[in-house]
Every structure is written in C-alpha cells, then in structure tokens.
Amino acid sequence: MAKKYEDVLKEMSKLSEEEIKKRMETASKICANYCGKCPTYSGTGETKLLFCGIGKSEMIEEEKGCMCPPCPVQSEMNLRWQYYCTRGSGREQLEKEKSS
Ligand code: SF4
Ligand code: SF4
C-alpha cells in the first residue's frame, strides 16, 4: 500500500530533535521557492515559511493560488492538501478531514 502522510508522521515521531531541525532547514530552503514565490504570499509582508508544518500564517488572509501541489516537500512528505498558510498545517487538515 502506498505510504501516506499519516505514516510519515509516525516515522517523524521517532526522529531526534536534531534530525527534525535539520530536515526543517532543508525543507525551508525548498519552500522558499514555492511559498516564497506564490501569489498568495507575495506582498503580504509574511516572512515565515513551511506552513505545512507550522500551520496558518498570521499575515496571509486571501487565497490567490497555491504552489504547494508541485513542491517536492509535498510529495516527499506525502502531503495531500494545499493552502496550509490559510487552512492549517498538514496535521490540522488531516484532523479536519477525519472529523468531517
Ligand atoms: S501554503 Fe500555498 S498558498 Fe500558502 S504561501 Fe505556501 S504556496 Fe502559497
Ligand atoms: S508544501 Fe507548501 S508549505 Fe510545505 S514546503 Fe512546500 S510550498 Fe512550503
């Protein structure tokens, strides 16, 4: 069976804090080329990245298109949502999906 985001979360829970920090740094660099260049992000004054992990932005309000679907972090983590900056992290959108 294909690996799902749920499986990735389980794997990540076994990693050390150091390893998670390293992975987040690498993912942030990739994210800068997607979130950082996305129309929803541009001009909002937001400087944070990696909303799939950290959850909603406090500065972004209007959805104007999302670059997450082609982002390599999305496929590597088996994420399947988008607009993490306005709709919440992968974990949060997973919870919403489960409760709907
Ligand atoms: S989560 Fe999607 S919509 Fe939000 S800034 Fe990143 S690419 Fe753009
Ligand atoms: S999936 Fe979206 S929020 Fe996550 S790293 Fe990629 S562009 Fe950034």
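Whatever comes next refers back to the structure up there.
Our subject in this report is the structure included herewith. Every chain is numbered independently, its residues counted from 1 as its sequence is written. Chains and ligands are labelled by the order in which they are written, letters from A for the one and numbers from 1 for the other. A pLDDT threshold of at least 70 governs which residues receive local features in this predicted model, and a stricter bar of 80 or more applies before side-chain atom pairs are shown or counted, although totals over entire chains, interfaces and linings include all residues. Remark: hydrogens and water are excluded; side-chain values derive from all non-hydrogen atoms of the structure.

**Quick look at the nonpolar core**
By nonpolar core we mean a set of buried residues, namely Ala, Val, Leu, Ile, Met, Phe, Trp, Tyr and Cys, connected to one another through side-chain atoms within 4.5 Å. Throughout, exposure labels follow a simple rule: accessible area from a 1.4 Å probe, protein chains only, divided by the maximum for the residue type, with under 20% read as buried, over 50% as exposed, and the rest as partly exposed. Ranked by size, the top nonpolar core spans 19 residues in total, and within it Y5, Y41, F51, L79, W81 and Y84 carry the most contacts. In this text, helices come from DSSP runs of H or I with a minimum length of four residues, and strands from runs of E with a minimum of two, each type numbered from the N-terminal end. Among the elements of the structure, α1 (5-12), α2 (17-31), α3 (51-54) and α5 (84-87) are those that each provide at least two residues to this core. Setting aside anything within four residues of it in sequence, one finds F51 in contact with C35, Y41, E46, S57, I60, Y84, C85 and S89. By the convention used here, residues are in contact when the closest approach between their heavy atoms is within 4.5 Å.

**A short note on α1**
Turn by turn, an α-helix covers 3.6 residues, leaving residues three or four places apart pointing in a common direction. Where α1 is concerned, the buried positions are Y5, V8 and L9. For α1, the angular spread of the buried residues around the axis is 100°, confining them to a single face. If you follow the buried residues of α1, they end up packed against α3 and α6 (90-99). It is the directions from the helix axis to the C-beta atoms whose arc is reported.

**Here's the deal with the layout of surface pockets**
The distinction between a cavity and a pocket rests on a 1 Å grid over the protein atoms alone: a 1.4 Å probe fits inside a cavity but cannot get out, while a pocket stays open yet meets protein on both sides within 12 Å along at least five of seven lines, and a residue with an atom within 4 Å of a point counts as lining. Grid points are joined across faces, edges and corners, and a volume is the space filled by probe spheres set on the points. Roughly 570 Å³ of volume is contained in the largest pocket. Around the largest pocket sit 23 residues that line it, and M12, R23, M24, A27 and M77 are the ones nearest its centre. Counting residues per element, the ones that place at least two in the lining of the largest pocket are α1, α2, α3 and α4 (72-76). The biggest single contributor to the lining of the largest pocket is α2, with 6 residues.

**Regarding the site of ligand 1**
Any residue with a heavy atom lying within 4 Å of a molecule or strand is counted as near it. Taken together, C35, C38, T40, Y41, G65, C66, M67, C68, Y83, Y84 and C85 form the complete shell of residues around ligand 1. Those molecules having more than half of their atoms within 2 Å of a cavity or pocket grid point set are described as sitting in that cavity or pocket. Here ligand 1 is seated within the second largest cavity. Residue type decides the class: Asp, Glu, Lys and Arg count as charged, Ala, Val, Leu, Ile, Met, Phe, Trp, Tyr, Cys and Pro as nonpolar, and the leftover types, Gly among them, as polar. Of the residues belonging to the shell around ligand 1, the class tally is 9 nonpolar, 2 polar and no charged.

**What about the packing of aromatic side chains?**
Pairing of aromatic rings covers Phe, Tyr and Trp, the last counted by its six-membered ring, and requires centre-to-centre distances within 6.5 Å; plane angles under 30 degrees mean stacked, over 60 mean edge-to-face, and any other angle means tilted. Within this structure, the stated rule accounts for 2 aromatic pairs. Ring geometry for Y41 against F51: centres 6.2 Å apart, planes inclined by 55°, an arrangement best described as tilted. With Y41 in the loop between α2 and α3 and F51 in helix α3, the pair connects residues that are 10 residues apart, well separated along the chain. We classify Y41 as buried; its relative accessible area is 11%.

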